[in-house]
Amino acid sequence: QRRLKFRGCLAPSVFEAPFEEAAVESLYRDLAARFRLARQTLLAVWLAAVTAASAGLFVGGAALGSSAQHGLLWGAVGASGVLLFALWTCVEADRLARRLLWSGTQACVGDAREHEALAAQVAQLRAQLGAAKYEEATMYKLLFRGQTRLASFSSGTSGPREFLLAAPEARSITSAVEGEPNLAIALALSGRTTDWDAVKRAATRLRHRDYGLRDYYVDVRQAFPELQLYTVTREEYKAGHRDISSGLTPDEEYRRTLGALFALYWLARVGIDGECGLSFGVDDDWAPRKIPEQEDLDGSAALKKRLTFYCNTPWKKLLQLLVDAGMLTERGGRGGAVEVAVPRMCAMLALTAIHDVFKVEALLPRVRPEHAPFKGFAAGDVINDHDVAMYYVLDHFPEALPSFAGLDATQRHSVLFTQSKMSFNHGWLVQAEAPPHALFARFKRVIMAGEANPPDVSFYFVHWLTDLAGAVPNPLDGSERLVLGFPYQVLGSFITSFSVLSALATQTETEVFETYLESYWRDAAPRLRLGAPPSGEHAIAMMRLLCQAQSTEAQESVLAAWEKLSADDEKVLCDEMSRTGIADQHFRASAQKRPGGPAILVYYSPQLVRSLTPDSASQALAILAEVYRRSRKLWPLTPLERLDDDARTVTVRIDQIKELKLEDIRAVYSDGNSWLLYKRNEREAVVECHPIDYLAELHTNGHQAAVLKLWRKRTGVAIGGPDSAQTSRRTSASATLSRGSLSLAGHSPDPSWSRLPTGVAREGGEAAAEPAEAAAEAEA
């Protein structure tokens, strides 16, 4: 008990300082003094007991003895014996106590010294581990099973946070196996196979709170051997050829793939920490960065964009996209707790790891005679389109890529569907730029040919989104392509479209497009104070223009400008923007009174609308109407049944005016030039600036072209003048022309027309072409 008490006294002090011999002795003396009083008390108790015993023996001996002297003698002897025994006992107890005290002190000091030695060793090991953590080459080999880093890795992959992102070295491909994917890939993989335990571990733990990004990265690196294919090169240099068809370095292309894998990780963890990871990236410990404070935002435009992205992204819709794709399931029905569907998630992980492998030119396959022709490539051709090359290998050499070969048949079918050539331009949809035929005709055919279902379509768009998210090769900084490269309104439109597009497997192209337009209108209604989606002949045109404007300010100005359109311009926009390009399909909201085609795709019309709004929204709509009007002159209405499928939509490119201001557009006429709509072929026309006499030359050479009257006044709105100055409808006022000046009977000259070309007059508020232009137009 005393020893335990001694240790209890020592315990608080043993860690305060090193214990030298003098300190131990001093400590012993201090402890001995503490217990001296206890020993003295014990001695007093013993003496009292001995005295009492002696007295008892003396009295008893006297009483029992034959004489008083004899009894006294025996009593004295007994008392002396007891007293001597008591003294011996006290001395031995004191000696034992001292030994115990000393041994206890030494034991406690020894324990303390051992603890201090162990603590120092732990600190040393921790420091060594911290240093070894960034012993890049050693740690890389340990984590990735003996692989070494690419010697020429990018400068952005060094340091305590990024060094693990360096691409692994791979073997070079000899000319003997080039074009033979089963041989070339097997050589590059060096016998490595997919670690399906690691794949399933990554998929299963994606929504575990304690499953960090670094753990996930190590798992996918160990899982997919195809990740080392991104650094494969040719053994012999070929002039004019690059290692990577995208123009990036092998290390950068590898990190773009990691960016896609990390984007998938963050999307699957929406509701946990995925929002912060995708928006702000991770710190040096690979933990998601926190939401920045107000003082952190000062002077940082990029950080403000990240916060805007974080606050405005519809995260629930992104999570729902993964649910629609079958990669996540909702326990207990819609709205329940989300769990990972492991087989489906494994398929997406495998697809993300391999999807850009054939950007490596050394791995591109050559079409074998038994497979020719293959999607436009003849026998012996090297397939230089990396998507088509992937489809070819997955279709004809599935065992070459072990991560694809190990999937079950259902998942392989879904992966193969994502590699089909959809000819789908997502920007055309979210900005309502193209008619249904141009948007979905090819996509629909692929779906029907592959017998894809709605989850497969959503699966494709998850892959599309993660691929886009990883486009900037800085995977630890979140998705810079989405966060910093997209206006959040445009990104919101992309996300809104995902839930609609999955219906393409079961609905017509026009139904899907109209559903998207109505969904976009409903989403915009609260901030624009709109009612239900419109109906009537103007409905589709208004909804498409709302999508094209994108920002709130531009949308408000476009809706206001619609009310001021001339009847002619309004009719043109209503008719042309509601054409589907698909026989027997029409919009529910805007039934087509004059069916036919081809439908017209005005390429870059959203950029034109946004560049002229909000200040010149009326002119933007008038210019767009003029482009549609002249395009229809070049392609008269024809029953769609008489047109080939590829001819049911024509493209009119307005690249040259898409970002010009009004003064720049109208200044062309002042210089003796004109905007011409030139028909290049039966599928395409382009708006170009040419001298006015170039029109006659085009006609002489058998080309079709039309003058765009971008100076004309419509609905009291001159295309060349501001909205506020042009609010009256056409009048019957006559205009008189004098070269270099313009006057209107009964009106003061409008200064906004002062920069119009000499020789242009207005009659009744309508600009008339100069005789040379009028003659050329009549000839056209």
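As a reminder, the structure under discussion sits directly above these lines.
What you see is a predicted model; the values in this text were computed from it and never measured. (Residues numbered from 1 in each chain as written. Predicted model: local features only at pLDDT ≥ 70, side-chain atom pairs only at ≥ 80, totals over all residues. Heavy atoms only, no water.)

A. Broad picture of the packing of aromatic side chains. Under the criterion given, the structure shown has 25 aromatic pairs. Note on Trp428 and Tyr603: the rings are 5.5 Å apart at their centroids and 80 degrees apart in plane angle, and the pair reads as edge-to-face. Placement of Trp428 in helix H17 (residues 426-430) and of Tyr603 in strand E5 (residues 599-603) is noted, with a sequence separation of 175 residues between them. Note on Trp428: relative accessible area 14%, which makes it buried. Given the relative accessible area of 18%, Tyr603 is considered buried. Seen from their ring centres, Phe461 and Phe498 are 5.8 Å apart, and the 40 degrees between their planes marks the pair as tilted. With Phe461 in helix H19 (residues 454-469) and Phe498 in helix H21 (residues 488-501), this pair connects stretches of sequence that are 37 residues apart. (Phe/Tyr/Trp six-rings, centres within 6.5 Å; stacked < 30°, edge-to-face > 60°. Helix = DSSP H or I, 4+ residues; strand = E, 2+ residues; numbered from the N terminus. Buried < 20%, exposed > 50% of the residue type's maximum accessible area, 1.4 Å probe, protein only.)

B. Structural detail: the packing of helix H24 (residues 552-562) against helix H27 (residues 617-634). Contact geometry of H24 with H27 gives a least axis separation of 8 Å together with a crossing angle of 65 degrees. By the criterion of interaxial angle, the relationship of H24 to H27 is roughly perpendicular. In the packing of H24 onto H27, the handedness of the crossing is right-handed. Contacts from Ser557, Val558, Ala561 and Trp562 of H24 reach H27 at Ala617, Ser618 and Leu621. Here the residues of the contact of H24 with H27 are counted per class, giving 5 nonpolar, 2 polar and no charged. (Axes fitted to C-alpha atoms, helices over the stretch in contact; angles between N-to-C directions. Parallel < 35°, antiparallel > 145°, perpendicular 65-115°, else oblique. Left-handed = near helix turned anticlockwise from the far one by under 90°. Contact = heavy atoms within 4.5 Å. Nonpolar A, V, L, I, M, F, W, Y, C, P; charged D, E, K, R; others polar.)

C. Layout of the pattern of salt bridges. Per the counting criterion, the structure on display carries 28 salt bridges. The residue Glu626 makes a salt bridge to Arg629 at a minimum N-O spacing of 2.6 Å. Residue Glu626 and its partner Arg629 are both found in helix H27; the two are separated by 3 residues, about one turn of the helix. Note that Asp655 is salt-bridged to Arg653, the shortest N-O span being 3.0 Å. On the basis of relative accessibility, which here comes to 21%, the residue Arg653 falls in the partly exposed class. Each of Asp568, Asp569, Glu626, Arg629 and Arg630 takes part in a single network of salt bridges with overlapping partners. (Salt bridge = Lys/Arg side-chain N within 4 Å of Asp/Glu carboxyl O.)

D. Summary view of H21. Taking 1.5 Å of rise per residue, 14 residues should cover 20 Å, and H21 covers 20 Å from first to last C-alpha, within 8% of that figure. For H21, the tally of buried residues reaches 11 of 14 residues, placing the bulk of the element in the interior. Every buried residue of H21 is listed here: Val490, Leu491, Gly492, Ser493, Phe494, Ile495, Thr496, Ser497, Phe498, Val500 and Leu501. (Expected span 1.5 Å × (residues − 1).)

E. Just the sheet that holds strand E9 (residues 704-707), in detail. Strand order across the open sheet formed by 5 strands is E5-E6-E8-E7-E9, with mixed pairing between neighbours. Looking along the sheet, the strands with just one partner apiece sit at the ends: E5 and E9. Each neighbouring strand pair of the sheet contributes to a mean axis angle of 30 degrees, computed without reference to strand direction. Here strand E7 (residues 673-679) pairs with strand E8 (residues 684-691) via 7 bridges, running antiparallel. Bridging across to E8, Lys679 finds its partner in Ala685. (Pairing = 2+ DSSP bridges.)

F. How the structure looks around the side chain of Thr466. Inspection of the secondary structure assignment puts Thr466 in helix H19. On the basis of relative accessible area, Thr466 is assigned to the buried category, the value being 1%. Within the structure, Thr466 has its side chain in polar contact with the backbone oxygen of His463 (distance 3.0 Å). Sequence-distant contacts of Thr466, that is, excluding residues within four places in its chain, are made with Ala260, Ala263, Leu264 and Leu267. (Polar contact = N/O pair within 3.5 Å; in protein donor to acceptor, adjacent residues only side chain to side chain.)

G. View of helix H8 (residues 250-268). The first and last C-alpha atoms of H8 sit 27 Å apart over 19 residues, in line with the 27 Å expected at 1.5 Å per residue. The element H8 is largely enclosed, with a buried count of 17 among its 19 residues.

H. Molecular detail of the pairing of E5. With 5 of its 5 residues buried, E5 lies for the most part within the structure. In E5, alternate side chains face the same way, and those of Ala599, Leu601 and Tyr603 on one face and Ile600 and Val602 on the other are all buried.

These figures capture arrangement, not role.
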